[in-house]
Every structure is written in structure tokens, then in C-alpha cells.
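Tertiary structure, described
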Amino acid sequence: YVNAVDGLTEDVKIPSPKHILWKVELVDRVFDDVNRATYPNPLSLKPNTPTSWFVDDDDLVAAKVNVAASDTDLDKGIKAEAYTLAGPRFDIAFDPKQCKAAVVTCGGLCPGLNTVVREIVMCLRRQYGVSTTYGIPSGYRGFKDPTTWIPLDEKVVRNFHNMGGSFLGSSRGGHDTKAIVDSLEKEGINLLFVTGGDGTVRGAALIADEVRNRGLEIAVAVIPKTIDNDIPLIDRTFGFESAVNAARQAIDVAVTEAEGFPYGLGIVKVMGRHSGFIAMHSTLGSRVVDLCLVPEVDFYLDGEGGIVDHLADRLLENGNAIVVVAEGAGQELMATMGSHGADEVDLSGNKLLDDVGPWLVKQLKPRLNEKLKGKTPYDDGVTCKYVDPSYMVRGIPPTTADNLFCTQLAHNAVHGAMAGMTSFLVGSVNTRECYLPIRLVANKQNVIDTAHQSLWEYVVFDTQQPSFAVENDCRDENDIITTASGGVIFRNSDDECSI
Ligand code: ATP
Ligand code: MG
């Protein structure tokens, strides 16, 4: 139980926030039984290492603590979900001298992959004295032939943090669980570090299961990589900040182009297959965007509240307009309007998307020309400038903040694996690094929460675009009742506020 130090005293429903107890409950335990051996952590044997640097397995990080107090019996306290705090353990499960590690990067490229590899090698060597780490080339495919594995030491990885892409290479498809575990077993690997996106995480879970079934002493740790930031439960993923910065530069270019021509319309397509976080964050970062389209929000072109009217208004008002569109936006609309609706999949089985950028250009240009007819001095319609930064966003070196973040994730992955944990991923929850069982996040997606108060609200305010909210979800004037005390009550709600 943890005492809330203090709370907002404005809320009349919480008479004395100081006395509320928060019961913190571990959501799900990471497997920590790769073997039963115990060795002292070499870090603990170094002079001048404070014991307070070490983390106890009972140290937890609370998440989702903002539960409604009114729903809870205050005497019993308020429950909060919690996760295992990451960090070095006092005792570890492997003899570092006998350890052999392997690291692999899978899926699409992302700024920071090389930093993760660098820091895994550095932490293993410098903090634990593990001298053998192999880099597996070309993603999961590379496990097959151990003669191609790349020995990594401090010299090889020293400048990795300045490089974009993946030194080891990556790939899609080619996951063969049994063959991978055969190779790990044959080569005597006992620490496996995997970095990749949702598909990679599913693949890592299968490897960990196979390892357990065979009774092997191999820890499987995942450092989640998704430039789209679409992994649930965790605050953010590495590379995301770098990608948002690069997307912002593309928006700046589109602004320059749109401002350079009469009634210039700049359209920028950014990454985001299922989640529009890059589009949302780069829109808010630049503050010059008139329309932000994301996969989470269905939109329409024509009629009241459609994007054509909105853009026509902005063009007439400002002389130019900027659209940021995530690659996964508008897929259903495109299909209903006769765009071919891609059935193809890539080597990993991911559905190929219809290209929303050129489609938007094609749809918007004639419609806006029609809207602007007779209302502009030259009457030659809009000038459309389409910017697809694509690999300019993926292939760049990480920002300073991402380099630091990758370092924290990689070191904590090493600490967890050395402590004998397996089938886990490392990620920050409420700003603290945690170990989460893979099964908690596999097959789930983090999307922008447009239904509740979130950054999306700022996007709608900043761009002044239609919210495209479903009508029933919104409050209308009939829902407001004025009370005798001069306040207003909203129907279906106990909230009261003064006007
Ligand atoms: P991103 O989508 O961010 O680029 P990702 O990890 O999702 O990254 P994928 O190409 O989907 O990229 O998958 C990467 C690797 O994981 C591939 O080698 C693929 O074969 C493997 N993989 C994907 N899904 C599964 C699955 N369900 N089971 C086993 N392996 C999988
Ligand atoms: Mg993926």
C-alpha cells in the first residue's frame, strides 16, 4: 500500500486525499525461472557501487492510477495496476563467464536500432563481463547459418549510435521457430536479445515458448521497436521522437512550397499504418497544419463537415493550406470509392495499404478548384504539392533523446536477462522502465484515444478541422440543464460546474 502524498483538494468527492491508500497490484509476473542458479552480480562486487542501485523483484511501478474515487470504497483503498521495475538485480542467474549472447533486429528500420545493439554489447561486456555477443544478420532469417553471425565487441559497436538503419540488417518473413531454437541450442547461446515491432514480438514469444518446452536455459528479452509508437501499455517506443522531428521537417518543406504559389495546397504523408501518432505529434509540433488525417478517425470528402469545405475555407482565408496524412488513414473510404482495395500482403503477412497520398491529391484538386472558382484573383485553381518523406523518416540517425532512451532500454534488457527473466519486453510505464510479459502486449495495438481527453483534442483545436465524431458521442444543447444554484448539469452525468 502506498500513501498518496497529496491530492487536489478542489474535488469535493475526495474529503481528505492524504488518507487514501493506493493498493498496487502486479498485473502479471514475468517468467524469472530460466534456471535456479544464483551468482553475485559483478556490479555489486565493484568498489563504490551503492547497494541502492539494485532493484528488488518486489519493486513495482504503478500505472493507471487515475481511477474515479467515487467508484471506489475509499476505506479499502484504490487499486492501481503495477508492473515490475526494471534494473540490475543483486543476484543474477547466469555465470557471466559461461554466457554467450545473440542480438537480432527485425522488421522495418527505425532510428536507434544500432544504439540498442551497441548498448547491449557494452552493458554485457562492461557491467557483466560477458565477452561473446553475436549479431544475427538479416533478422530472423539470419539464425539459420551460424557461420554468418557477426562477433560484436566494443571496437565494432563504438560508433553505432551515430548511424541510422541497422548495421546487422533486417528482414521480413523467414521466421522458423524450430530452426532458430536449434541454432541457439547448437551454438550454446543463453541470452537472446530481439528488437523489432509487433510481428517480431510475436515471433519472440514463439521462440521463448519453444525454449521453455525444450527445457533450455535461454533468456529471451525484447526491446520493442515501432516507429509508429503503437505498442500498448508503454509510454513510447524508441525512434518515435526522431521520426516526429523528421516528419516536421517534411511539413516545413510543404509549407515553403505551398506558400510559394497562389493557393498552394501542401500534402505530407507520414508513417502510421494503424496509429496516427507520428501525424498527430508532427502536426502539433509544427502548428501550421490545417488538416491531420489518422487511421483512428474516419473522414469524408464532400458535404457539410467534410474535408473539402474545410480546406476550401482555409485556402480562401490564408492563401494556402497544409494536410498531414498518416499512411493508414482513409483506407475504408478509398475502398468504398472504388480504389482497388489491396489484397496483397508482404513477406511477413502484413496487408499492403492503398496509397492514400496520391489518392488524396487526385480527389482534392478538382473538388477544391470547383469550390474556389470565381473567388480568387487568378482563377487557375489550387497548386498541389505532395511530399512523401518516407525513408527520410526511417533511415536517419537517432536524436539525442532517442539515443539516451535506447541506452536505458538496452541496459535494462540486459539486467533482466542476466537476472533469469525471459519472454519479457522492456518499456517505460509512467516514465519508469519496467519488465512486461510479452503476452500482455502481443496482438494488441496502441491507438490514439480520440474518445477521451488526449492530444487529439489539441489537434482538432489547432487545425480547426471537423472532429468527425459520431453524433451520439457528443453533447448537444438539449443535454444541458440549468440548476437553481446557477450551475449547469449535463444529462447522464453528475458533474456540476458554474457558468
Ligand atoms: P514493423 O511492422 O514495425 O516494421 P514488425 O516486427 O512488425 O516491425 P514484420 O515484418 O511484421 O515487422 O515482422 C518481423 C519478423 O517477425 C519477420 O521475420 C516475420 O517473419 C516475423 N513474424 C511476424 N509475425 C509473426 C508471427 N505471428 N509469428 C512468428 N513470426 C512472426
Ligand atoms: Mg508490424
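As a reminder, the structure under discussion sits directly above these lines.
This section reports on the structure supplied with the text. (Residues numbered from 1 in each chain as written. Chains lettered and ligands numbered in written order. Predicted model: local features only at pLDDT ≥ 70, side-chain atom pairs only at ≥ 80, totals over all residues. Heavy atoms only, no water.)

Summing up its helical and strand segments, the protein has 14 helices and 20 strands in all. Evaluated residue by residue, the protein yields a buried proportion of 50% over its 499 residues. Approximately 24000 Å² of the protein is accessible, and the part contributed by carbon and sulfur atoms is 49%. (Helix = DSSP H or I, 4+ residues; strand = E, 2+ residues; numbered from the N terminus. Buried < 20%, exposed > 50% of the residue type's maximum accessible area, 1.4 Å probe, protein only. Areas by Shrake-Rupley, 256 points an atom, 1.4 Å probe, with all protein chains shown as cover.)

Before going further, it helps to spend a moment on unusual backbone geometry. Non-glycine residue Asn 48 carries a positive phi angle of around 70°. Take Asn 48: its relative accessible area is 77%, and that puts it in the exposed class. Positive phi is not limited to glycine here, since Thr 431 has a value of about 70°. Tracing the backbone shows Thr 431 in the loop between β16 (424–429) and β17 (432–437). According to the relative accessible area criterion, Thr 431 is exposed, its value standing at 67%.

All right, on to the packing of helix α6 (residues 240–259) against helix α7 (residues 277–286) then. Running from N to C, α6 and α7 cross one another at 60°; their axes reach a closest spacing of 9 Å. When the axes of α6 and α7 are compared, the pair comes out oblique. Remark: the crossing between α6 and α7 carries right-handed chirality. Here Phe 240, Ala 243, Val 244, Ala 247, Arg 248 and Ile 251 of α6 come into contact with α7, specifically with Phe 277, Ile 278, His 281, Ser 282, Thr 283, Gly 285 and Ser 286. The residue makeup of the contact of α6 with α7, split by class, is seven nonpolar, five polar and one charged. (Axes fitted to C-alpha atoms, helices over the stretch in contact; angles between N-to-C directions. Parallel < 35°, antiparallel > 145°, perpendicular 65-115°, else oblique. Left-handed = near helix turned anticlockwise from the far one by under 90°. Contact = heavy atoms within 4.5 Å. Nonpolar A, V, L, I, M, F, W, Y, C, P; charged D, E, K, R; others polar.)

Let us now look at helix α8 (residues 307–318). Its twelve residues give α8 an end-to-end C-alpha distance of 16 Å, which sits within 8% of 16 Å, the value for a rise of 1.5 Å per residue. Taken as a whole, α8 has its buried residues at Ile 307, Val 308, His 310, Leu 311, Ala 312, Arg 314 and Leu 315. The elements touched by buried residues of α8 are β12 (264–270), β13 (291–293), β14 (320–326), α10 (356–372) and α14 (455–463). With its phi angle positive at about 85°, Gly 319 sits one or two positions after the end of α8. (Expected span 1.5 Å × (residues − 1).)

Moving residue by residue along a regular strand, the side chains alternate between the two faces of the sheet. The buried fraction of β16 amounts to six of the six residues, a majority that puts the element mostly inside the structure. Burial along β16 is two-sided: the residues Phe 424, Val 426 and Ser 428 and Leu 425, Gly 427 and Val 429 are all buried. As defined by bridge partners, strand β11 (residues 219–224) adjoins β16 across two bridges and the pair is classed as parallel. When the bridges of β16 are listed, Val 222 appears paired with Leu 425. Where β16 lies against β17, six bridges are found, and the strand directions are antiparallel. Across the sheet, residue Val 426 finds its bridge partner in β17, namely Tyr 435. Between the end of β16 and the start of β17, which pair antiparallel, lie two residues, with Asn 430 showing a positive phi angle near 50°. (Pairing = 2+ DSSP bridges.)

Ranked by internal contacts, the top residues of the largest apolar core, which has 102 residues, are Leu 191, Phe 193, Leu 360, Leu 364 and Met 418. Per-element tally for this core: the top contributor is α6, with ten residues. Not counting residues up to four positions away in its chain, the partners in contact with Met 418 are Ile 92, Ala 93, Phe 94, Pro 96, Cys 99, Leu 124, Tyr 128, Val 130 and Leu 191. With 39 residues, the next largest nonpolar core counts Val 104, Val 181, Leu 192 and Leu 436 among its residues. (Core = buried A, V, L, I, M, F, W, Y, C linked by side-chain atoms within 4.5 Å.)

A separate point is the site of ligand 1. The environment of ligand 1 is made up of 18 residues, and the closest members are Gly 108, Gly 173, Asp 198, Thr 200 and Ser 348. A distance of 2.7 Å is found between an oxygen atom of ligand 1 and a backbone nitrogen or oxygen belonging to Gly 108. Note that an oxygen atom of ligand 1 is positioned 3.1 Å from one of the side-chain N or O atoms of Lys 225. Here the shell around ligand 1 takes six residues from helix α5 (residues 198–213), the largest share from any one element. (Near = heavy atom within 4 Å. Polar contact = N/O pair within 3.5 Å; in protein donor to acceptor, adjacent residues only side chain to side chain.)

Just geometry here; none of it tells us what the structure is for.
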